[in-house]
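Listed below are the residues making up each chain.
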Amino acid sequence: MRDENIKEIVIVGGGTAGWMAAAALSILLKNPKIHIRLIESEQIGTVGVGEATIPHIRYFNQLLGLNEKDFLKKTNATFKIGIEFVNWGQIGESYFHSFSPYGVNMEGVHFHHFWLRHAMKEGAPPPDEYNLHCLASKRSLFAHPKPELRGSPLSTIEYAFQFDAGLYAKYMRGVAESRGVTRIEGKVVDVNKRAEDGFIDSVSLESGETVSGDLFIDCSGFRGLLIEGALETGYDDWSHYLPCNRAVAQGCELDGPPIPYTRATAHKAGWQWRIPLQNRLGNGHVYCSDHISDDEAYAQLKSGLDGAPMGDPKFLRFRTGIRKKAWNKNVIALGLSAGFLEPLESTSIHLIQTAIARLMTNFPDKRFNQSDIDFYNRKTLQEFEQVRDFLILHYCATQRTDSPFWNYVRTMDLPATLQERIDIYMESGRLYRENNELFGENGWFAVFEGEDLRPKRCHPVIDSLSDEMLDRRMNDVRVAMHKCLEAYEDHQTYLHKLCSTA
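Source: prediction; values computed, not measured.

Caption draft 1: Spotlight on the pairing of strand β10 (residues 200-205). For β10, the buried fraction is high: 5 of the 6 residues fall into the buried class. Turn length for the strand β9 (residues 188-193)-β10 hairpin, with the two strands adjacent in sequence and antiparallel, is 6 residues, and the turn residue Gly198 shows positive phi of about 80°. Both β10 and strand β11 (residues 210-212) contribute to a ladder of 3 bridges, which runs antiparallel. Residue pairing for β11: Val203 is matched across the bridge by Val211. The turn joining β10 and β11, which pair antiparallel and follow one another in sequence, is formed by 4 residues; a positive phi near 100° is taken by Gly208.

Caption draft 2: Representation of the sheet that holds strand β13 (residues 235-237) within the structure. Within the open sheet, the 3 strands sit side by side as β13-β19-β22. Their pairing is antiparallel. The two strands at the open ends of the sheet, each matched to only one other strand, are β13 and β22 (339-340). With 2 bridges connecting them, strand β19 (residues 321-323) and β22 associate as antiparallel partners. Bridged to Ile322 within β22 is Gly339. In this fold helix α10 (residues 370-396) packs onto β19 and β22, with an angle of close to 175° to the strand it touches most, β19.

Caption draft 3: Looking closely at the layout of surface pockets. In this structure, the second largest pocket occupies an estimated 650 Å³ of space. As for the second largest pocket, its lining consists of 30 residues, and the residues nearest its centre are Phe99, Ser100, Pro101, Arg433 and Asn442. The greatest single-element share of the lining of the second largest pocket, amounting to 4 residues, is contributed by helix α13 (residues 441-450). The residue makeup of the lining of the second largest pocket, split by class, is 13 nonpolar, 14 polar and 3 charged.

Rules and cut-offs
Residues numbered from 1 in each chain as written. Predicted model: local features only at pLDDT ≥ 70, side-chain atom pairs only at ≥ 80, totals over all residues. Heavy atoms only, no water. Buried < 20%, exposed > 50% of the residue type's maximum accessible area, 1.4 Å probe, protein only. Helix = DSSP H or I, 4+ residues; strand = E, 2+ residues; numbered from the N terminus. Pairing = 2+ DSSP bridges. Contact = heavy atoms within 4.5 Å. Axes fitted to C-alpha atoms, helices over the stretch in contact; angles between N-to-C directions. 1 Å grid on protein atoms, 1.4 Å probe; cavity = no way out; pocket = protein on both sides within 12 Å on 5 of 7 lines; lining within 4 Å. Points joined across faces, edges and corners; volume = space filled by probe spheres on them. Nonpolar A, V, L, I, M, F, W, Y, C, P; charged D, E, K, R; others polar.

Given below as structure tokens:
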């Protein structure tokens, strides 16, 4: 009987995507008969500017058995409790997308409904007063969750990291190689397909070496060397919805203790990220070339740096969108090879992580069942579309009228899925989480309220509460949040304490 099990896995490309895949597969595929090889060339650089993450990265690190203190030290990481958005609703305004929930749900109704009714009263506190991380961000505080305090907001704390993407890839490489992954130095110059079915048989290197495999993982970045260059899979362009198509990145010196959150500042034709690490600040300007030149974009970035520039600026070109198939024949695209959504909500590494998990759920044998492949592609598209819609909301919800760029995104046609969400929220304040999507009620409410989109009414269940009862409940929640803040510590001090004991 023929053995149909996968024996040879070839990962083309290193960087964050390649080494994350190699590290995870080396742990999850506990079979000595499966060989994992990763091909990368020192001559080909990686994008390496995505330095901010969302809380799900912790579960990936736990899967790999990483020690958090060691991880923090080796990647120059800081903690992240959310993202501050500056100048998005209107110039001069800001809001905070927190990883912790607002208040507590009551009567089976989400807390934001209670706040929406309470906000009708003159002098009512803003929503930040009912969110631990919003309060902590204003004083640069951090705390780990305390699950033993059941029922306390301290038990629901979520957090992520801000780290050096290059060091993270190096860290992942160490994990992978320690578990048997073989690295091959070389540049792929040719892709060889089987005549009978068009599947990838092997890749040829500049050195003359040929590397064959059963399953290929394309981590070659925007080029999509296998998924596009060899298989001509095609690409769905989403530039209509997310028109930014360029970025320029440059690090700079720290201007003070690193804060535990990322900042996204909107400019006339895009936005600028600010990501604090232990040893420097990561900065970048994401922009639309239809409305600003590269020179102007870099000048805008440089004028917004909080410290002396470090190194030369790095310019990037991209198209937002997704491959028509993330899995085609025996090739699976991960990271930038699969698609690109701008880093506004730090989702790039998360999409790599979930793709790896989806691959493990549908791990093939040499027969490559098409139903499994179709399911994988359908779920990948769904996930990308859900994140896409959330990103679009940041743009279309704006009140800005100061430039052609903002006038375009404020008035552009929207995906039907997003338009439905907006219509439902603006009528009744209802938010929902569909198919376990990445961003839930907390995130959607932060953007809606942060950019001054207030619904006509809130959930009718709350009408049964008297004004006095609602005032008392809201005050109790607010007092509890401020009391819990006493368990937080100064972020820089806390970080130094952990790294010094790593």
